Structures are given as C-alpha cells and as structure tokens.
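Each chain, letter by letter, is given below.
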Amino acid sequence: MWKGRFTGQTAQIVQRFTQSLDLDWRLAAYDIRGSIAHARMLRSVGLLTDDEERRIETGLLEIGTEIASGTLVPTQELEDVHMNIESRLIEKIGPAGAKLHTGRSRNDQVAVTVRLFLRDQLLGMAEDMEALLSALLRLAERHRLTVIPGYTHLQQAQPVSFGHYLMAHFTAFSRDYDRLFYALRSLNECPLGAGALAGSTLPLDRHFTAAELGFPSPTRNSLDTVAQRDYMLDYHSFASLFAVHCSRLCEDFILYSSQEFGWLLLPDSFCTGSSMMPQKKNADVLELLRGKTGQIVGHQMDLYVTLKGLPMTYDRDLQEDKRGLWASLATVSDMIHALTALLCEVDVNEERAAAGMADGLILATDVAEELVRRGIPFREAHEKVGHLVKECLARGKGLFDLSREEWAELLPELDGDLLGNLSIHAAVERRKTFGGTGFDQVAEQIRYGVAAVEEAKERRERYAADLPVIE
Ligand code: ARG
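Residues numbered from 1 in each chain as written. Predicted model: local features only at pLDDT ≥ 70, side-chain atom pairs only at ≥ 80, totals over all residues. Heavy atoms only, no water.

A. Here's a closer look at a negative patch on the surface. On the surface, a cluster of negative charge is contributed by Glu 454, Glu 455, Glu 458 and Glu 461. Take Glu 458: its relative accessible area is 42%, and that puts it in the partly exposed class. (Patch = residues over 30% accessible without salt bridge, like charges linked within 9 Å, V, L, I, M, F, W, Y side chains within 5 Å. Areas by Shrake-Rupley, 256 points an atom, 1.4 Å probe, with all protein chains shown as cover. Salt bridge = Lys/Arg side-chain N within 4 Å of Asp/Glu carboxyl O. Lys, Arg positive; Asp, Glu negative; His and termini not counted. Charge placed at Lys NZ, Arg CZ, Asp CG, Glu CD. Buried < 20%, exposed > 50% of the residue type's maximum accessible area, 1.4 Å probe, protein only.)

B. Spotlight on the pairing of strand S1 (residues 147-152). As paired strands, S1 and strand S2 (residues 155-161) are joined by 6 bridges and run antiparallel to one another. When the bridges of S2 are listed, Pro 149 appears paired with Pro 159. Following S1, the chain reverses through 2 residues before pairing antiparallel with S2; His 153 in that reversal takes a positive phi of roughly 55°. (Pairing = 2+ DSSP bridges. Helix = DSSP H or I, 4+ residues; strand = E, 2+ residues; numbered from the N terminus.)

C. Representation of helix H16 (residues 378-395) in the model. Compared with the 26 Å implied by 1.5 Å per residue over 18 residues, the 25 Å span of H16 between its first and last C-alpha is a close match. Along H16, the residues classified as buried are Ala 381, Val 385, Leu 388, Val 389 and Cys 392. When H16 is viewed along its axis, its buried side chains cluster within an angular range of 100° and face the same direction. Exposed and facing more than 90 degrees away from the buried side of H16 are Arg 379, Glu 383, Lys 390, Leu 393 and Ala 394. Looking at the buried residues of H16, the elements they touch are helix H15 (364-373) and helix H17 (404-410). Count one or two residues on from H16 and you reach Gly 396, which has phi positive near 65°. (Expected span 1.5 Å × (residues − 1). Arc of directions from axis to C-beta. Contact = heavy atoms within 4.5 Å.)

D. Spatial organisation of helix H3 (residues 28-44). Compared with an ideal rise of 1.5 Å per residue, which puts 17 residues at 24 Å, H3 spans 24 Å between its outermost C-alpha atoms and is within 8% of the ideal. Counting buried positions over the 17 residues of H3 gives 13, a clear majority of the element. Looking at the residues trailing H3, positive phi occurs at Gly 46, about 85°.

E. Geometry of the site of the ligand. The local shell around the ligand consists of Ser 20, Asp 24, Asp 80, Arg 106, Asn 107, Val 110, Tyr 314, Arg 316, Gln 319 and Lys 322. Between the ligand and Tyr 314 there is a distance of 2.5 Å, counted from an oxygen atom to a side-chain nitrogen or oxygen. Compared with its free state, where it exposes 340 Å², the ligand has 87% of that area covered by protein. (Near = heavy atom within 4 Å. Polar contact = N/O pair within 3.5 Å; in protein donor to acceptor, adjacent residues only side chain to side chain.)

F. Molecular detail of unusual backbone geometry. In this structure, the amide linkage connecting Met 312 to the following residue, Thr 313, adopts the cis form with an omega of 10°. Within the fold, Thr 313 resides in the loop between helix H12 (293-307) and helix H13 (321-343). Look at His 153: it is not a glycine, yet its phi comes out positive at around 55°. Along the chain, His 153 turns up in the loop between S1 and S2. Positive phi, close to 60°, is recorded for Leu 154, a residue that is not glycine. Structurally, Leu 154 is set in the loop between S1 and S2.

G. A look at the pattern of salt bridges. Taken as a whole and assessed by the stated rule, the structure comprises 34 salt bridges. Taking the shortest distance from any N to any O, the salt bridge between Arg 431 and Asp 366 comes out at 3.0 Å. On the criterion of sequence distance, the pair formed by Arg 431 in the loop between helix H18 (424-429) and helix H19 (439-464) and Asp 366 in helix H15 is long-range, its members being 65 residues apart. Grouping residues by exposure puts Arg 431 and Asp 366 together as buried.

Here is the structure:
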C-alpha cells in the first residue's frame, strides 16, 4: 500500500510483529459497513460516479460473503483487516476499488470500525445486564420476608431482610448499568472524515457518513478523533466496577454457604466436588467469578498505561487497544450469564439463619432505641445495653433467656414490658426509615427497581432503534 516511498521490502519478522489480523479480522463485517457508508458519501459529494459506487458496494458485499464462508483467507503481508478487504476489492473490481480510500486513513477507519463493533457488543451486554437485574428483583421479591443476620466487620450487626440484602447488590449493579450506558453514549460519534489526523482537502460530508452509520453526529475534533480511546475506557470502567461488585457478592455467598454460616443454599448444579474428599461441595463458580475480577481490572490498567504519555495523535501503540478489550468483553459477558443463572437458583435455610441469631444479642440496638423512646439519651442507653450484653455473656444466656426478674434487675427502665415485643422479625419490620430494611421499604425498593429496569430497557431499545444492521 505504501510501496511508492520505499525501496526495500518489509522484513519477515516485521510483518509478523506489526500485523493485527489476529485482533481485527473479526471486525470484517463492521469494516465493510463503514466502507459502504464512506463510498455512498463519496458519491453524494461527486467523488465517485453512481456506477463506481455501485461496483464498490456490490464488491464489498461479496467480500463479506467470501469472509463469512471462509473462502477469503487474509494474508499477513496485508497487515490488517482494512487492507485485506481493500486489496481484495481492487482485485475484484479494479480502478473503482482503488478510489474507495479517498479522503480516508486507517486511523479514522479503525476508529469507526471498532466503535460500530463495540456498540453492538455493549447493546447486547446491556440486555444481559437487564436480565441480571431482573433476576435479582425476582429473588428479592421471593425473599422479602426472609430474615438473615446483617453484618458489619463480618460480625453480626442487625437483622435484615434477605430481599433488602439482594437489593443492595441490585442497586450497585444498576449504577454499573448506567456506566455501561454511558459508554454507549460516549462511543456514539462518527470518526470517519477525520482522515489521518487533520481532515481532508476534499469536500467530505461527515454528517452524511455519521447518519449513514446511525451516529447522531460526527466527532468534533479530527486530532482527538484518531488519538483518543476514552470510549473504551468508559467500557473498562463499567467492567472493572461491575467485576468488583460481582466479586463482593460472590465472596458473601461463599461465606454464607460455608458450614460456619450455613444459611445460604447453593444449587448443586453450580458447585463441584472434590477428587479426594467425598463430603465436599465447593462453590467453584462463585470463586471463578471472584477470580476473574483481576483480569478485568488489569485490562483497564493495560489501556491506561498504553495511553499515558502517548503523543498526539495516532500512534501504532493504539493497535494494542483491542487485545484487552476483546478479552474483557468475552469474560464480562460470561460473568453476567453465570451470575444470572446462579441467582435464579439460590435459596435460604431460614431455620439455620434464625439459629445463628438465637441468642438475640443482634437486637441490642433495638433495646437501646427502646430506651431512647423512653427519653433516655442514646449514649446512656448504649452503655446500659452494653452492660446488659456483658451480663448475658457472663451468665451464658441470650437476651431471650432472661427472666422477667433479670430484665427488671439489669434494665429497670424497661419495666420488663419489652419482653413480648422483642423478636428478630419485628426488628426488621420496624426499620421503616426510607431505604431501610423494613419489609415495606424493601417492597418500595423493589417497585422502584422494576420501574428502573423497564425504563432502562426502553432507553436501550430507543438507542438501538435506527441503527444499521451489521451481520
Ligand atoms: N491496524 C491498525 C490499528 O488497529 C490500523 C491503523 C493503522 N494505522 C497506521 N497508520 N499504521 O490501529
């Protein structure tokens, strides 16, 4: 392609080292779609005749079929997907094909191609995320009245609704969804026409190509267009935080299903056994979900480090942007699917959860707040109940085991009349603060969540409505 300027051949090692076919051959259909848009634009501004444009378009579509059926095999000498397709086009249709690259560089070409591909990928991923969010909503609804211990510092703190706990993850994943959608927005500008870096002396119509490819507008600055990969980092930011959220959920589930906690029930179908220890049921899927998080964050770091200090504008370093992106997309997609499927099948052993809270000490805050209701300053109440807990521990008793006399002795302010009201279930029910664990509050969160997922879905469908179909 650049033979004019050179006298020597490219060295063998250089061909192998600089080619990007292993990364970009999968983009062929998107490259073709971008080229068709470019050709139509060239015709519209008079740089191609109707006949030339028609031959280019037909040729490109045929090449698409050749690639899909495996008859066109790319060669390393032609370096990347762009040049393989263009050279095949020239081979097929001659001089008209040689006009396709008018006013275009691979710098704006690769940028548009990847954005088209990523847009499709992220739309699919957004749909998968909606399924994950819906699975969490269903599970939360099923377990709205299921009570589990809530933990801070991994020590029993206050009882909560398991539905509330699940809605916590829902809330985090909803923010991830918004970040994913933000990436869909930031990639949604058309790079074509930026050329190598500076635009073109030819009368290219950038708005035409943008509309043709379903982008609301062309990018604003040609230098930035070929230099930046922010939209990829926007995806990576979503992916990293999603993976971190995912790994925290998994860590919880691994703990809660272990013998020591034992109140979370994992489906056999998502666990594996041990080759040696017959009794084992290991939560390998959860561990792998947790374990894949490092790669996802790593792919984000990879691109950050590549971009840092990179001179304006395009540098060949940018070719490496795809490696981590592809890996991340594949892994995150698998993670969403696995987690969604697993969530559909987890259950709670309620007796076991209750047994873990049987000493009632998890209700200490409730007792203190009862004293507050009777006018005692909270700090004082806290100390009194702290003393009560100390006595319980010393006597080897739980709160529920204290006799009326012991209550009167240890907390005379209560006159023993808290006895009947003290229950784990009631403790959850009474936490009616907005966003709290009270069963009604959880119902409210679920209602809000259902509406939010519905809205997200509509937003995605609106976004996707007028996009060109690329197969
Ligand atoms: N394969 C290249 C990439 O992925 C295409 C752009 C090459 N541009 C260049 N001036 N060498 O980034």
